[in-house]
Every structure is written in structure tokens, then in C-alpha cells.
Amino acid sequence: MDHGETGGNASRPVAASPVFVMGVCGVGKSLLARRLADALGVAMVEADDFHSDENRRKMARDLPLTDADRLPWLDAVSAAAKRQVQSTGGAVVACSCLRRAYRDRIRGALGNSVFLHLAGPRALIAERLAARTSHFVGAGLLDSQLDILEPLEDDESGIALEINVPIDDVVVTALDELRRMGAPAQSIV
Ligand SMILES: Nc1ncnc2c1ncn2[C@@H]1O[C@H](COP(=O)(O)OP(=O)(O)OP(=O)(O)O)[C@@H](O)[C@H]1O
Ligand SMILES: O=C(O)[C@H](O)[C@@H](O)[C@H](O)[C@H](O)CO
């Protein structure tokens, strides 16, 4: 199993559209992606695991990444998602996907993909970031990410999900939405 790609189960039927959990740092992407991947019986891909050392150094110093920093990273994340879709039939990817152009690039690499945009009040995200100790990204990147965030547009497959509720409720809503969109519905038990 590759670094950053965990938990696939080839024996369960799933549709091929990868699901991306997107949003700014600390909004809860990794937690939701892990929960959804488990519920769907597919692999989770953690985009943070595909950053170059240089990107990680920048983020650790609260320096926002540029498009030039992000594009090769997004390509590596897309390649990992593709491997999982091909080998296990699906993937749930925790990846910021902040700008429309980034999502277009991902769709260019993977075809149709579903985006679940986690969104909520800045103060709540900052509070959760401040409480989190085991991660190289802290609250210092939050405002730069909120500044460039481009929410989903009408022609994009996906939906925004409110984070100001317990994670179990976010999971239920996300699974309902995936079912409604006809995404990986047949894998939902
Ligand atoms: N609905 C929720 N209720 C309470 N706490 C939550 C909820 N969602 C996430 N958290 C907590 O918020 C913190 C940030 O979540 P997480 O690490 O999943 O965010 P992230 O978007 O993946 O961050 P990053 O982009 O920096 O990797 C974690 O400590 C997580 O347990
Ligand atoms: O600049 C970005 O697009 C984000 O910072 C991502 O690179 C990070 O992976 C994540 O949000 C922090 O863990």
C-alpha cells in the first residue's frame, strides 16, 4: 500500500467517481474523509502526504503556497486517487482544492469527481486549529486560504456542508448527499 493511501477494500462494489473533501486548513477534511472512506469501503487519500519538503517547510512557517507550489502537488494527489479508483474502485481524498482552477485540473486528470466543501465560521475553524497540536499547519495559514477560496460553482458536482455540528451528523449528511447525487451509492451500507 502506498504512503498516504489507506483502507481500500477491493471486494466491495463501488462507483468510480472519486470524492474530494475540500476546504481551508483545519476545517475537518481529514476527519470526514477518513469516516467516509470507511463507510464506503474505499481508500482514503491524504493530500498532505504528497507535499514536497519545500511546501511543508513553507507551510510550517505560515507562508501561503503559490499556484506553482500547488500544481505539482495536485497532480501527485490526482495520480494517487486514480491508482485507488483503479485498484479498489473508489477513493475519498482529503484535499483543500481551494480554487476552481485546481478543481478543473483534478477533473482533467480524473474525469468526473464529486467535491464536498466543508465550510463554517472562521472563529470555529481557528479554534479547532489552535486545539490541534499534531500537525505541521497551524492557524497562521487560515486567512490566506480563506482569501483565495473559491466555493463550488453551479456546474460543479458537489455540495457545501456546514461544520458547526457533531462529526457524526456531517457524515450522515455527506452520505445522504452522495446517495442523492448517485455518486458511490451502491457501496453505502
Ligand atoms: N465536526 C467536528 N466537530 C468537532 N471537531 C471537529 C469536527 N471536524 C473536525 N474536527 C476537529 O478539527 C480539527 C481539524 O480537523 P482536520 O485535521 O480533519 O482538518 P483538515 O481540514 O484536514 O486540516 P488540514 O487542512 O490542516 O490538514 C481536528 O482536531 C478534528 O478532530
Ligand atoms: O495550501 C493549501 O492548498 C493547503 O494548505 C494544503 O496545501 C494543505 O495540505 C492543508 O490545507 C494543510 O494541511
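Conventions adopted
Residues numbered from 1 in each chain as written. Chains lettered and ligands numbered in written order. Predicted model: local features only at pLDDT ≥ 70, side-chain atom pairs only at ≥ 80, totals over all residues. Heavy atoms only, no water. UniProt positions renumbered as here; feature names shortened; annotations may be inferred. Near = heavy atom within 4 Å. Polar contact = N/O pair within 3.5 Å; in protein donor to acceptor, adjacent residues only side chain to side chain. Areas by Shrake-Rupley, 256 points an atom, 1.4 Å probe, with all protein chains shown as cover. Axes fitted to C-alpha atoms, helices over the stretch in contact; angles between N-to-C directions. Helix = DSSP H or I, 4+ residues; strand = E, 2+ residues; numbered from the N terminus. Parallel < 35°, antiparallel > 145°, perpendicular 65-115°, else oblique. Left-handed = near helix turned anticlockwise from the far one by under 90°. Contact = heavy atoms within 4.5 Å. Nonpolar A, V, L, I, M, F, W, Y, C, P; charged D, E, K, R; others polar.

Where an unreviewed UniProt entry is consulted, the chain appears under the name Gluconokinase, with the organism given as Roseibium polysiphoniae. As stated in UniProt under Catalytic activity (unreviewed entry), the record for the chain gives "D-gluconate + ATP = 6-phospho-D-gluconate + ADP + H(+)". Under the heading Sequence similarities (unreviewed entry), UniProt records this for the chain: "Belongs to the gluconokinase GntK/GntV family."

Some points on the site of ligand 1
Residues in contact with ligand 1 amount to 16 residues; listed here are only the nearest, Gly26, Lys29, Ser30, Arg132 and Val165. A distance of 3.2 Å separates an oxygen atom of ligand 1 from a polar atom in the backbone of Val27. In the environment of ligand 1, an oxygen atom lies 3.0 Å from a nitrogen or oxygen atom belonging to the backbone of Leu31. If ligand 1 stood free it would expose 640 Å²; the protein chains cover 78% of that surface.

Quick look at the packing of helix α1 (residues 29–40) against helix α7 (residues 167–180)
Contact geometry of α1 with α7 gives a least axis separation of 10 Å together with a crossing angle of 55°. Relative to α7, the element α1 lies oblique. Crossing angle aside, the handedness with which α1 passes α7 is right-handed. Within the contact between the two elements, α1 uses Leu31, Leu32, Arg35, Leu36, Ala39 and Leu40 and α7 uses Ile167, Asp168, Val170, Val171, Ala174, Leu175 and Leu178. Looking at the contact of α1 with α7, its residues break down into eleven nonpolar, no polar and two charged.

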